[in-house]
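Each chain, letter by letter, is given below.
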Amino acid sequence: HFDLAKVKSKHNNHIPLWEGFDNAPDNRIALVSGKYKLTFSELKSQINEINDASKSSILNLKPNRSIESIKLILAAWKNKKAVTFSDMDGALSIPHSTLYIGETSGSTGNSKKIAIQKEGIESLLFDWNKLLEHDKNSIYLSIADQKFDVFFGDLFRSILSGNTLILADEAERFSPETILKLIKE
């Protein structure tokens, strides 16, 4: 069971999770993987068509660097479900605002599950937008392992902020030459 304290502030120092995504121009490219591209209009339409009949509050995915995987993650979040790439053993009680469940590296012994909540990400979105100076042409390259929290940061800084995400596939993310080529493109 997770019992996480929420930090309250008198300042409006957060950005609602879906604000950038919902306000992105429909014709802007949201996601690129290999030769496939989706505009925000196409991505919005396709995630709205995903029907998850599961009663579970957690969508357990296998790492799969694809547009389909990104659509499943976004659809789960739209339906107020958490996402994980970790093995979930037994029943786990999580706060209703959990976006994803990760796992610590286990460097101190056994790995532990961690729940990243919507409120924390909304605070990060505010800070990232200030620090990164997003503009209408911001493009982010994702090469992080999907089980690593940096991967989710890539999603939040790009697609959920109304910017473009280039999703390198498994082979591309381990090739310095290909990464350089993606950056140049």
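To start, this report covers the structure provided alongside it. (Residues numbered from 1 in each chain as written. Predicted model: local features only at pLDDT ≥ 70, side-chain atom pairs only at ≥ 80, totals over all residues. Heavy atoms only, no water.)

## Here's the deal with the packing of helix α4 (residues 118-132) against helix α5 (residues 149-157)
Then, number 1: One way to put it is that α4 packs onto α5 with a least axis distance of 10 Å and a crossing angle of 70°. Regarding the angle of α4 to α5, the classification is roughly perpendicular. The two elements α4 and α5 cross, and the hand of that crossing is right-handed. From α4, I121, L125, W128 and L132 reach across to α5, where they touch G153, F156 and R157. (Axes fitted to C-alpha atoms, helices over the stretch in contact; angles between N-to-C directions. Helix = DSSP H or I, 4+ residues; strand = E, 2+ residues; numbered from the N terminus. Parallel < 35°, antiparallel > 145°, perpendicular 65-115°, else oblique. Left-handed = near helix turned anticlockwise from the far one by under 90°. Contact = heavy atoms within 4.5 Å.)

## Describing the sheet that holds strand β6 (residues 113-117)
Then, number 1: One open sheet holds the four strands; their spatial order is β3-β4-β5-β6, and the pairing between them is mixed. Two strands bound the open sheet, and with one partner strand each, they are β3 (58-60) and β6. Each strand axis lies, on average, 25° off the axis of its neighbour in the sheet, ignoring direction.
Then, number 2: Judged from the three bridges that link them, β3 and strand β4 (residues 82-84) form a sheet pairing that is parallel. Bridging across to β4, N60 finds its partner in T84.
Then, number 3: This element, α4, spans β5 (98-103) and β6 of the sheet and lies at about 60° to β6. (Pairing = 2+ DSSP bridges.)

## Overview of the nonpolar core
One broad trend across soluble globular proteins is that nonpolar side chains are buried collectively.
Then, number 1: Counting residues in each nonpolar core, the largest one holds 37 residues, and the members touching the most others are L74, W77, F156 and I159.
Then, number 2: Looking at this core, the element that brings in the most residues is helix α3 (residues 67-78), giving seven residues.
Then, number 3: Excluding its chain neighbours within four sequence positions, the residues that come into contact with F156 are L17, W77, L99, Y100, I121, L125, W128 and S161. (Core = buried A, V, L, I, M, F, W, Y, C linked by side-chain atoms within 4.5 Å. Buried < 20%, exposed > 50% of the residue type's maximum accessible area, 1.4 Å probe, protein only.)

## Section: the pairing of strand β1 (residues 29-33)
Then, number 1: Among the five residues that make up β1, four are buried, leaving the element largely enclosed by the rest of the structure.
Then, number 2: Note: β1 against strand β2 (residues 36-39), four bridges, orientation antiparallel. Its bridge partner lying in β2, S33 is registered against Y36.
Then, number 3: A loop of two residues connects β1 with β2, the two strands running antiparallel in sequence, and G34 in this loop sits at a positive phi of about 65°.
Then, number 4: As judged from the two bridges shared by β1 and strand β8 (residues 164-167), these two strands associate in the parallel manner. By the bridge assignment, L31 is partnered in β8 with L165.

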